[in-house]
Amino acid sequence: MVAPIYQKSKEFLDSLINEGKATPYLEIIKKHHLETYEHSLRVGLLSVDLGLENHLNDFELRLLGYAGLLHDVGKSKIPEEILSKQGKLTNEELEMIKGHSRSGFLEVDELEYGLIKLIVVAHHEYKKSSYPRSGKDRRKQSRNKDRRKNKVDISKLAEIIAAADMYDALASQRSYKKEMNKEEIKKILEEQYIGNHKYIAQVLDRY
Ligand SMILES: [Fe+2]
Ligand SMILES: [Fe+2]
């Protein structure tokens, strides 16, 4: 499937990549797990594209681009055999996978005034059985963070990244699963995504 992504989104993401700040992280992901690297580039692009559609400003687009590129950097701490495992994961392996949001938070450092790591840690918090924080914990913490961080709405940005991430994970073939068709993807997103559903509709419109 090829998405009608705005040319402007591609140029915007390329310019972020060319700044070089994401390069060390992207190299780590690429070396560790190519599938995750390719997914990260697609999530970065789709997130910026959604940001443009929703008239976000340039700074918010920067945050979306960087957070999309780096959201899964914590997976570099998980053995490749687990990331590519076909078949059911053990509880222990599942816990390791779930740890990637927090490891990403620790790894991403102070990029863009420390805002990227806040989005990274929250990218799995907009689906049912969210982690690392449940909906209730997240709302409490996000409000505090939003106040501290000069009114950047971190929750909104994480919601967009989550929509792009969930879509891409379902739509692309992974070593452990086949790609799904649009109807199957729509059904799962409508059931599982607990952020603002306009983002889901906007993502599905592109394909
Ligand atoms: Fe993730
Ligand atoms: Fe992801």
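Shown above is the structure to which this text applies.
Now for a description of the structure that goes with this document. (Residues numbered from 1 in each chain as written. Chains lettered and ligands numbered in written order. Predicted model: local features only at pLDDT ≥ 70, side-chain atom pairs only at ≥ 80, totals over all residues. Heavy atoms only, no water.)

1. Details of the coordination of the iron ion (ligand 2)
Worth spelling out the cut-off: Metal coordination here is assigned from N, O and S atoms located within 2.8 Å of the ion, or within 3.2 Å for Na, K and Ca; omission of water means that sites may look incomplete. In this scheme the shape depends on donor count and angles: four donors with every angle between 85 and 135 degrees give tetrahedral, four or six donors with opposite pairs above 155 degrees and others between 65 and 115 give square planar or octahedral in turn, and any other case is irregular. To qualify as a helix, a DSSP run of H or I must reach at least 4 residues; to qualify as a strand, a run of E must reach at least 2; elements of each kind are numbered from the N terminus.
In the first shell of the iron ion (ligand 2), the protein supplies His39 (NE2), His71 (NE2), Asp72 (OD) and Asp165 (OD), at 2.2 to 2.3 Å from the metal. One can describe the site at the iron ion (ligand 2) as irregular: its four donor atoms subtend angles covering 79 to 175° at the metal. Here the donor residues of the iron ion (ligand 2) share one chain and are spaced in sequence as H-x31-H-D-x92-D. The distance between the iron ion (ligand 2) and the iron ion (ligand 1) is 3.6 Å, with aspartate 72 acting as a donor to both metals. Taken together, the residues histidine 39 in helix H3 (residues 34–53) and histidine 71 in the loop between helix H4 (58–70) and helix H5 (80–83) connect sequence positions 32 residues apart.

2. A short note on the packing of aromatic side chains
Note the threshold: Stacked, tilted and edge-to-face are the three classes assigned to paired rings of Phe, Tyr and Trp, where Trp is represented by its six-membered ring and a pair needs centres within 6.5 Å; plane angles under 30 degrees give stacked, over 60 edge-to-face, the rest tilted. Residue burial is assigned from relative accessible area. The probe radius is 1.4 Å, only protein chains are included, and a residue is buried under 20% of its type maximum, exposed over 50%, and partly exposed in between.
As enumerated under the stated definition, the model contains two aromatic pairs in all. Seen from their ring centres, tyrosine 167 and tyrosine 207 are 4.4 Å apart, and the 20° between their planes marks the pair as stacked. Placement of the pair is tyrosine 167 in helix H10 (residues 154–171) and tyrosine 207 in the segment after helix H12 (197–205), with a sequence separation of 40 residues. You can call tyrosine 167 buried: its relative accessible area is 3%.

3. Brief notes about the pattern of salt bridges
Condition: By definition here, a salt bridge exists when the distance from a side-chain nitrogen of Lys or Arg to a carboxyl oxygen of Asp or Glu is within 4 Å.
Inspection of the entire model under this criterion finds 14 salt bridges. The partner of arginine 206 in a salt bridge is aspartate 49, with the nearest N and O atoms 2.7 Å apart. On the criterion of sequence distance, the pair formed by arginine 206 in the segment after H12 and aspartate 49 in helix H3 is long-range, its members being 157 residues apart. Here glutamate 93 and lysine 85 are joined by a salt bridge, their closest N and O atoms 2.8 Å apart. Accessibility expressed as a relative area gives 15% for glutamate 93, which makes it buried. A single network of salt bridges, built from pairs that share partners, joins Glu19, Lys21, Arg62 and Glu112.

4. With respect to the coordination of the iron ion (ligand 1)
Distances from the iron ion (ligand 1) to its protein donors, Asp72 (OD), His100 (NE2), His123 (NE2) and His124 (NE2), fall within 2.2 Å. With four donor atoms in place around the iron ion (ligand 1) and angles of 84 to 175° between them, the coordination shape is irregular. Sequence spacing of the donors to the iron ion (ligand 1): D-x27-H-x22-H-H.

5. With respect to the packing of H10 against helix H11 (residues 182–192)
Test applied: Axis lines are fitted through C-alpha atoms, for helices just across the contact stretch, and the angle between N-to-C directions can take any value from 0 to 180 degrees. What makes a crossing left-handed is the near helix being turned counterclockwise from the far one by less than a right angle; a clockwise turn instead makes it right-handed. Throughout, a contact is declared for two residues whenever any of their heavy atoms are within 4.5 Å. Amino acids are sorted into nonpolar (Ala, Val, Leu, Ile, Met, Phe, Trp, Tyr, Cys and Pro), charged (Asp, Glu, Lys and Arg) and polar (every other residue, Gly among them).
The N-to-C vectors of H10 and H11 enclose an angle of 145°; their axes lie 10 Å apart at closest approach. By crossing handedness, the relation of H10 to H11 is classed as right-handed. Contact residues: H10 offers Met166, Tyr167, Leu170 and Ala171, while H11 offers Ile185, Ile188, Leu189 and Gln192. When the residues that make up the contact of H10 with H11 are grouped by side-chain class, the tally is seven nonpolar, one polar and no charged.

6. Here's the deal with the side chain of serine 172
To keep things clear, this is the line we draw: Here a polar contact is taken to be a pair of N or O atoms separated by no more than 3.5 Å, where protein atoms must pair a possible hydrogen donor with a possible acceptor and residues adjacent in sequence count only if both atoms sit in side chains.
Structurally, serine 172 can be placed in the loop between H10 and H11. For serine 172, the side chain forms a polar contact with the side chain of arginine 42, separated by 3.5 Å. There is a polar contact of 2.6 Å between the side chain of serine 172 and the backbone oxygen of aspartate 168. Excluding residues within four positions of it along the chain, serine 172 makes contact with Arg42, Lys177, Lys178 and Glu179.

7. Here we look at H12
Taken together, the buried positions of H12 are Tyr199, Ile200, Gln202, Val203 and Leu204. Tucked inside the fold, the buried residues of H12 contact H3, H10 and H11. Two to three positions downstream of the cap, the backbone nitrogen of lysine 198 sits 2.9 Å from a side-chain oxygen, assigning the N-cap of H12 to asparagine 196.

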